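Given next are the chains, with one letter for each unit.
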Amino acid sequence: MRMNEVRTLLGGRGLVESPRWHGDRLYVSDWTAGEVVAVDPATGHSEVIARVASLPLCTAWLPDGRMLIVSSPDGRLLRREPDGSLATYADLGRPGWNDIVIDGRGNTYVNRGDFNPMAGEEFRPGSVSMVTPDGSVRQVADDIAFPNGMAVTPDNSTLIVADSYRHSLVAFDIGADGGLSDRRVWADLGEGTPDGICVDARNAVWYADVPGRCCVRVAEGGKVLDRIDLDRGGFACALGGPDGATLFIVAAEWRGMTESEMVTPGSGQVLATEVEVPGAGWP
């Protein structure tokens, strides 16, 4: 199904995550460096647009075109202003936040594990909280073993969450007030370990897999539709490009959660390949 081979847009990075297509550029986060980087997909030229000492360091775009950045250690969402300065958008009340997605109504979903695997803490399942455009914060889902990537379908009706530890994609109906209901397993991935995800225009999901060293496209129910094998761990993926049909993958050589350097220094890459079906929804 792939039309072209995988090409490398950017190399020599650390733990690269959170790819987001916006306007005519790709944005990625280098967690190791604490940098949010904009990449020109045609030339591979990159520039740092924000520096936040946060791990995780994930981003999303508000409907008004401003970027939100998760500042995990101090439990805040930061908003990047047009002049490049950072302002507090919401106080999440505690540290430890991971991925973020903003739907078409401007509601922000941000998730967290409830333990710190990097510090060797005992496992506790995580949760998803929602921040409304007026800044109020409430928890909307719990008991997600290890929440990672999230995506919202283009009709704003469904939130899909990658549960890495349970090897599944979990879906929720999104209510008029942004609340979540009708929890269900959207796809059982077998041995697949989903990290970052994105949705395409045929209601399939691409997920990146660190231990599996791949990026996989699945239909609801879990049928595998396509697979891209990598030579290192795949951390996240996003659809973008001029026609929406370029799959961007961030990858690095994974060492382990409790290692002093979780990925081999300099092994972080931003990859691109053309696919058949363009992206849809968010991110």
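Because the structure is predicted, anything quoted here is derived from the model rather than measured.

Trainee: Could you clarify how one ought to interpret the overall build of the chain in this entry?
Mentor: Scanning the chain for helices and strands turns up zero helices and 24 strands. With the principal axes as the frame, the chain shows a C-alpha extent of 45 × 40 × 40 Å. The buried share among the 283 residues of the chain stands at 58%. Within the chain, contacts between residues separated by at least 24 positions form 44% of all contacts whose residues are at least 6 apart in sequence. As displayed, the chain offers around 11200 Å² of accessible surface, 46% of which is attributable to carbon and sulfur atoms. Counting 25 positive and 40 negative side-chain charges, the chain places the centres of these two groups 1 Å from one another.

Trainee: What's the story with the pattern of salt bridges in this structure? I'm lost.
Mentor: Any two side chains of opposite charge can pair, given that their charged atoms come close. Here the structure, examined in full by the defined rule, presents 19 salt bridges. One salt bridge connects Arg7 with Glu274, and the closest N-O pair in it is separated by 3.0 Å. Taken together, the positions of Arg7 in strand β1 (residues 7-13) and Glu274 in strand β24 (residues 268-274) put the pair 267 residues apart, joining distant regions of the chain. Residue Arg7 is classed as partly exposed on the basis of its relative accessible area of 35%. According to the relative accessible area criterion, Glu274 is buried, its value standing at 17%. The salt bridge involving Arg202 is made with Glu276; its shortest N-O contact spans 3.3 Å. Here the residue Arg202 occupies a position in the loop between β18 (194-199) and β19 (205-209), and Glu276 occupies one in the segment after β24, the gap between them amounting to 74 residues.

Trainee: Looking at this structure, I do not really get the pairing of strand β23 (residues 246-252). What am I missing?
Mentor: Consecutive residues of a regular strand have side chains that alternate between opposite faces of the sheet. A large share of β23 lies buried, amounting to seven of its seven residues. The alternating pattern of β23 places Thr246, Phe248, Val250 and Ala252 and Leu247, Ile249 and Ala251 on opposite faces, both of which are buried. In the sheet, strand β22 (residues 233-240) pairs with β23 via seven bridges, with the strands oriented antiparallel. Bridge assignment links Gly240 to a residue of β23, and that residue is Thr246. Between β22 and β23, which pair antiparallel and follow one another directly, the connecting turn spans five residues, one of which, Gly241, has a positive phi of 85°. Relative to β24, β23 runs antiparallel, the two sharing six bridges. By the bridge assignment, Ile249 is partnered in β24 with Leu271.

Trainee: So what exactly am I meant to see when it comes to empty space enclosed by the protein here?
Mentor: Sizing a probe to match a water molecule and rolling it over the atoms shows the empty space that remains. Within the structure shown, the criterion is met by two cavities of 30 Å³ or more. What the largest cavity holds in volume is close to 40 Å³. Glu17, Ser18, Pro19, Arg20, Asp99, Gly196, Ile197, Ala236 and Cys237 are the residues that line the largest cavity. The set of elements that each furnish at least two residues to the lining of the largest cavity consists of β2 (16-22), β18 and β22. Sort the elements by how many residues they give to the lining of the largest cavity and β2 lands first, with four residues. Classifying every residue of the lining of the largest cavity by side-chain character gives four nonpolar, two polar and three charged.

Trainee: Explanation requested: the pairing of strand β5 (residues 46-51) in the structure shown.
Mentor: In the sheet, strand β4 (residues 35-39) pairs with β5 via five bridges, with the strands oriented antiparallel. Note on β5: the bridge partner recorded for Val37 is Val48. Between β4 and the antiparallel strand that follows it, β5, lie six residues; Gly44 among them carries a positive phi value of about 80°.

Trainee: What exactly am I supposed to notice about the sheet that holds strand β14 (residues 147-152) here?
Mentor: Two pairing modes exist for strands in a sheet, parallel and antiparallel, and in both the strands are linked by backbone hydrogen bonds. Taken together, the four strands give an open sheet; going across it, the order is β14-β15-β16-β17, and neighbouring strands pair in antiparallel fashion. Each end of this open sheet is capped by a strand with a single partner; those strands are β14 and β17 (180-188). Shown here is a sheet whose adjacent strand axes are inclined to one another by a mean of 25°, direction ignored. Bridging between β14 and strand β15 (residues 158-163) involves four bridges; their strand directions are antiparallel.

Trainee: How do you make sense of the sheet that holds strand β10 (residues 97-102) when you look at a structure like this?
Mentor: With antiparallel pairing, four strands are arranged side by side in an open sheet as β10-β11-β12-β13. Each end of this open sheet is capped by a strand with a single partner; those strands are β10 and β13 (137-144). Averaged over neighbouring strand pairs, the angle between their axes works out to 20° when direction is ignored. With four bridges connecting them, β10 and strand β11 (residues 108-112) associate as antiparallel partners. From the neighbouring strand, Trp97 faces β11, where its bridge partner is Arg112.

Trainee: Sorry if this is basic, but what is going on with the state of the cysteines here?
Mentor: Covalently bonding the sulfur atom of one cysteine to the sulfur atom of another cysteine gives a disulfide. Under the defined criterion, the tally for this structure stands at zero disulfides. In this structure Cys215 is a free cysteine whose sulfur lies 3.7 Å from that of Cys237, the closest cysteine sulfur available.

Rules of the game
- Residues numbered from 1 in each chain as written.
- Predicted model: local features only at pLDDT ≥ 70, side-chain atom pairs only at ≥ 80, totals over all residues.
- Heavy atoms only, no water.
- Helix = DSSP H or I, 4+ residues; strand = E, 2+ residues; numbered from the N terminus.
- Buried < 20%, exposed > 50% of the residue type's maximum accessible area, 1.4 Å probe, protein only.
- Contact = heavy atoms within 4.5 Å.
- Areas by Shrake-Rupley, 256 points an atom, 1.4 Å probe, with all protein chains shown as cover.
- Lys, Arg positive; Asp, Glu negative; His and termini not counted.
- Charge placed at Lys NZ, Arg CZ, Asp CG, Glu CD.
- Salt bridge = Lys/Arg side-chain N within 4 Å of Asp/Glu carboxyl O.
- Pairing = 2+ DSSP bridges.
- 1 Å grid on protein atoms, 1.4 Å probe; cavity = no way out; pocket = protein on both sides within 12 Å on 5 of 7 lines; lining within 4 Å.
- Points joined across faces, edges and corners; volume = space filled by probe spheres on them.
- Nonpolar A, V, L, I, M, F, W, Y, C, P; charged D, E, K, R; others polar.
- Axes fitted to C-alpha atoms, helices over the stretch in contact; angles between N-to-C directions.
- Disulfide = S-S within 2.5 Å.

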